[in-house]
Structure formats: structure tokens, C-alpha cells
Amino acid sequence: MSPRQETPHFRRLIAIWAVLTVVLDVVFYFAVGPHVPPGAMSSSASGQQTDFIVLFMIALPVMLAVWVYMAYALIVWRGSRGGDEEPEGGAKARGHFGIQVGWIATTTVIVLGVFVYGTVELIVPAGAGGGEGPNPIWTPTSHDVLPIQVIGQQWEFTYRYPTFGGFETRELMIPVDTPIAFHVTSLDVIHSFWAYQLGVKADANPSSDNVAYTTASQLGAFTVRCSELCGLWHGAMYNFGRVVTKAQFLVWAQSTERQNAANTKLLPPFSYTYVPDANGADGGYYPDNVDPYSNVEQYGATSPSK
Amino acid sequence: MGRGGRLAILGALFAMSVGLVVFTVMAFLRSSPPTVDFTTGHQAGTPVDLTVQTVGSIGFGPHPTWVSYLTETPGGQWVHTTLWDLPAHTRINVTLDQYDSGSPLRNQQLGQIIGTEGTVATYNGKPESVIDSNDTNGVGHTFTIPTLGISVPLVGISPNAKNPCSVAPCTSKYDHNVIKFSFMTPGPGQYPWQCFVPCGLAYLYGNGGPMQTVGYMDGFLKVVA
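Caption draft 1: Examining the overall build of chain A more closely. Scanning chain A for helices and strands turns up five helices and 10 strands. Looking at chain A residue by residue over its 306 residues, the buried ones come to 31%. Once local pairs closer than 6 in sequence are excluded, the contacts in chain A between residues at least 24 apart make up 66%.

Caption draft 2: The arrangement of the overall build of chain B in detail. Secondary structure assignment for chain B yields one helix and 13 strands. Order of helices (α) and strands (β) in chain B, N terminus to C terminus: α-β-β-β-β-β-β-β-β-β-β-β-β-β. With respect to the three principal axes, the spread of C-alpha positions in chain B is 85 × 45 × 30 Å. Relative to its full complement of 225 residues, chain B shows a buried share of 42%. A fraction of 68% describes how many contacts in chain B between residues 6 or more apart in sequence connect residues 24 or more apart.

Caption draft 3: View of the pairing of strand E5 (residues 179-186) of chain A. Residues and elements named next belong to chain A. Taking burial as the measure, the eight residues of E5 include six buried ones, the bulk of the element. Alignment of strand E1 (residues 146-153) against E5, held across seven bridges, turns out to be parallel. Across the sheet, the residue bridging to Val150 is Val184, located in E5. Pairing geometry for E5 and strand E8 (residues 210-215), over six bridges, is antiparallel. By the bridge assignment for E8, Pro179 is matched with Thr215.

Caption draft 4: Region of interest: the domain arrangement of chain B. Segmentation of chain B into domains returns domain 1 (1-31) and domain 2 (34-224). Measuring from the centre of the C-alpha atoms in domain 1 of chain B to the corresponding centre in domain 2 of chain B gives 44 Å.

Caption draft 5: Quick peek at the sheet that holds strand E6 (residues 191-195) of chain A. Residue and element names in this part refer to chain A. The mixed open sheet is built from five strands, whose spatial order is E4-E10-E9-E6-E7. Across the chains shown, the open sheet's two edge strands, defined by having one partner strand only, are strand E4 (172-175) and strand E7 (200-204). Adjacent strand axes in the sheet meet at a mean angle of 20°, parallel and antiparallel pairs treated alike. As defined by bridge partners, strand E9 (residues 220-226) adjoins strand E10 (residues 238-244) across six bridges and the pair is classed as antiparallel.

Caption draft 6: Just helix H3 (residues 97-123) of chain A, in detail. The first and last C-alpha atoms of H3(A) sit 39 Å apart over 27 residues, in line with the 39 Å expected at 1.5 Å per residue. Counted residue by residue, H3(A) has zero buried out of 27 residues, so it is predominantly exposed.

Caption draft 7: Structural view of the sheet that holds strand E2 (residues 156-161) of chain A. Residues and elements named next belong to chain A. Judged by pairing direction, the sheet is mixed, and its five strands sit side by side in the order E3-E2-E1-E5-E8 without closing on themselves. This sheet does not close on itself; its edge strands, each paired only once, are strand E3 (167-169) and E8. Each strand of the sheet is rotated relative to its neighbour by a mean of 25°, with strand direction disregarded. Of the strand pairs in this sheet, E1 and E2 are connected by five bridges, and their pairing is antiparallel. By the bridge assignment for E2, Gln153 is matched with Glu156.

Caption draft 8: Highlighting the domain arrangement of chain A. Residue and element names in this part refer to chain A. As far as domains go, chain A holds domain 1 (8-75 + 98-124) and domain 2 (146-264). On a C-alpha basis, the centres of domain 1 and domain 2 stand 36 Å from each other. Counting from both sides, the interface comprises 10 residues of domain 1 and, opposite them, 13 residues of domain 2. Partitioned by chemical class, the residues of the side of domain 1 that touches domain 2 number four nonpolar, six polar and no charged.

Caption draft 9: Main features of the environment of Met237(A). Residue and element names in this part refer to chain A. Considering the arrangement of structural elements, one finds Met237 in the loop between E9 and E10. Distance from Met237 to Val36, taken between C-alpha atoms, is 25 Å for residues 201 residues apart in sequence. Excluding residues that lie within four positions of it along the chain, Met237 makes contacts with Trp155, Glu156, Cys226 and Cys230.

Caption draft 10: The environment of Ala45(A), seen in detail. Residues and elements named next belong to chain A. Within the fold, Ala45 resides in helix H2 (residues 43-76). It is 8.3 Å that separates the C-alpha atoms of Ala45 and Tyr196, two residues lying 151 residues apart in sequence. Ala45 has contacts with Pro38, Gly39, Ala40, Gln197, Leu198 and Gly199, leaving out every residue within four places of it along the chain.

Scoring rules and cut-offs
- Residues numbered from 1 in each chain as written.
- Chains lettered and ligands numbered in written order.
- Predicted model: local features only at pLDDT ≥ 70, side-chain atom pairs only at ≥ 80, totals over all residues.
- Helix = DSSP H or I, 4+ residues; strand = E, 2+ residues; numbered from the N terminus.
- Buried ≥ 20, exposed ≤ 12 C-beta atoms within 10 Å, placed from the backbone.
- Contact = placed C-beta atoms within 7 Å.
- Pairing = 2+ DSSP bridges.
- Domains from an automatic or database assignment.
- Axes fitted to C-alpha atoms, helices over the stretch in contact; angles between N-to-C directions.
- Expected span 1.5 Å × (residues − 1).
- Nonpolar A, V, L, I, M, F, W, Y, C, P; charged D, E, K, R; others polar.

So this is what it looks like as C-alpha cells:
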């Protein structure tokens, strides 16, 4: 057989791969994309959803290239009893410089592109809903940010609203279209605040203020779970938050502030971190180098000398 | 005995050993305190009276020094358990006899009474909606059902009590506080409840030991239709 009459395997492979890639990427984008978790309830959630879609659409052609080649080889180049002899060396067994360079160049561009894309995606939506530690690098551009403190303890989360008198409640209510700064901390062991539909996840470490930002764009309920194994009732450490209108939030916050006023007076002054009570609850525990009776840092404790 | 016979005996012994280990592990994993049944004979629409007590040390069993809850059965017998079968959509009248002492709360937010009927509880007959844990004998424990939004702090007895109870079950002749409140059970399901005061003496943050063991400071409401 002359070279002109050889089957154009490469062109066939490229054609099959290109058609499948276009069809499946388009199907994925329109049919699956809107349902990719965690949804689009907030700026951070929709950012994560977009990232998952983009990453999948980039990965799909690579995956298809491998699968299509494998399927093609199994079908077209399979051996048969009594068929042609297996090629041993020669032109057919030689590597193809162009393909090797093309493969390395393409995968390098993809990996570097994903690296740049991922970095930008962390910066643009103000940390992408992740805990940024006490000194966030990426903050919202808005100056009108509502701070909400998330306090983890075995085994529940409570929430403190410093701009409403510092009341503390087990309910998490946030207004729509308002940048929120979650200040996440713990009174005992390490927990992790995961507001799933909001795309927010930040570790709750004792004596640490871990800040995460988001802006809710849809009304509705979301789930809060602890995502750090923290003891017997870790599995039961969840509750539900709500995104409400700004007017509804104001009504709720002001009424809760009134209802909880008696207990709010007994709470310690608002602080971004607290040291667990030193003298209370048998087995109280606190860092060695911290005054457990500090006016600023103590959390509910009273010095025996007072 | 031939080689085959010896191998058969060895195989049988090995199988028996494995079986014994599996049985022991499963028995340990499946062990659980008894469940007190408040549903048998219950007439729909009538409330259920649930009486429990907290003690500073249980005084018996594998962990005699551990703090614990106990439950009184409908027949008047005290049982070391925190598991209850309760009827759904029923008012539960809780009487809690607190025989343990208290201390300031780690988180005063737990001093607030929530989720009970009227959002109050009575302490030795006096209704309260908030307990200042710094201004009383402190709070020894809480009765909290997080998934139902119910929490009641249990004020401790005086640290200078003259007649404290040291071995459970305690009787009313010992110093104690009586805390009463009511709540409604939801639909059928299992609802974990727990004490939120880290009262596990000598454990990290006070949250180990009895705080992590069902039958002591944790339990389940098994609500049935």
C-alpha cells in the first residue's frame, strides 16, 4: 500500500475527539452546569460553581483525548488470529516529535492557565468564601460590610451581631445583597464553619479570628455544618440559616436584640476572640500565657477575687 | 495425629479466636444504656411527665466519678440512662432535680432559656427566662436539644451545701434545686440532647468522658408516632 492510500488515523482521531468535546462540553454547560454544587446563592457560591464548570470543561477534552484514543486503538488496531504480524520496530514504532511537543505544550498551557485562573478567582470574589485568617488579604470593595461572629463550641454554632448591641443567638440570619464578614472562632476545640449553599467555609480555631466574606444574592435557607471532626456530636453540629430581605433582616435583628437584651448584658464585651472560661465548668482550659481574668478576653468568667 | 489433623485443629482454633474477637467488638459497639418507655399506655392528648436528676458523681459502674443524668421510669424507679421513648406531638412536663453544683458559664449565651413553653423555666418555683451564671451558684449543666432549639440551664446547688448527695440515685433529702419546664415533642425521629456545660472533670476543655458518652451527659429523644 502506498503512503497516499494509508488510513488517516490521526485525522479521524482528531475529528472524533473534536466533535465529542464540543458536544459534551456544550451539553455539560447547559444541562449540568446550573446544578453544579454549591449553587448560586451567593457571590462565593456562584464563583465556586463557575470554577467547577470551567475546570470540568477544560478537563473534559483531556479526558476525551485519552478515552477516544484508547477506544479507537481497541477497535481499529486490535490483533486478530491469523492476521498480520505485529510490527516490530521500524517506522510504525517510532515516536512522533510533533505529537510529543504538542502534548507537553498543551498540558503545560492548561496547568499554568488553571493556576492563573484559580489565583484570580480567589482574589476577585474576596477570598472566594474561604477563611482568610485574622488579616484578610482579599477584602470586599464595599465599605458597608455587616460583621457576624461565628462561635463554635462542642457541639453547636452561635452567632453574635456586634452592630446590633452584640447579642448572641443560635439563629443565623443574613440580609440579601449585603457583603457579610464572618468572623469565625471557637471556645474549645477546632471546628469548621461550613455554610454550604453560601459557599463559605472557614476553620473555627480557639483564640483565632478567621474571616470569610460573602454576599448572598438569593433569598432562602442554607445549611450550616461543622466540617471538622470535633467529638461525639460532631455529626449533629448543624443548623440552618436564612437569607432574607434587608427590611426583614432589620426587623429580625432589632427584635432579637430586644428579646435577648437581658442576656446580652451578661455577655462579655464583644471581642474577635475569647479565652475559654478559666474558673468555670470543671475542666476549664486556657492558654498558659493569657490572663484568664482579662477584662477584654474572658468569656463569662469572674475572677474569684472580685 | 497426622499433619492434616493438626492443621484442622489449628484452623478451628483460629476461626474460634477470630469469632470471639468479632463477637466482643460487636458486643461493645452495640452496648447501650436502656431506653425508658413513656409511650406504652400513653393516651393521645395527655402530657407525659418526665423526671430526671443530675448528680455530681454517679457513684457506681465503670466510671463512678463521672457526672451523670438519671431517669425515673413511669413506675418510679431510677435508671442510669439518657434514652427515652416519647410520644410525638405531646407536651412533655419535665422535672429536673439538680443535685450537682455549678460555676460561671463558659458561654453565658447558654444562660438563656429557649424553646420551652412560654420561654421560661421555674427554679424552685420561681419562673426565670435568663440565668446569670455569675450571680447565682453558677450553672452545673444544661438540658439542651439543639435540633429542636430547646435549652434550659440548670442552676447548681451551693458550693457550701451542707447535705450534698454523693451516690446516685439521690433522694429529696439531699440539697438540690428543682427545675421545671414543658416542651412539645415534634414528629417521629431521633433527636440528640446533651449538656452544654463542659462538666467532664479532668478532660481537655471539660468536654471528654461523660460529655462524650451516651448515658451520662448525652442522650436521645426517640420520638415515636
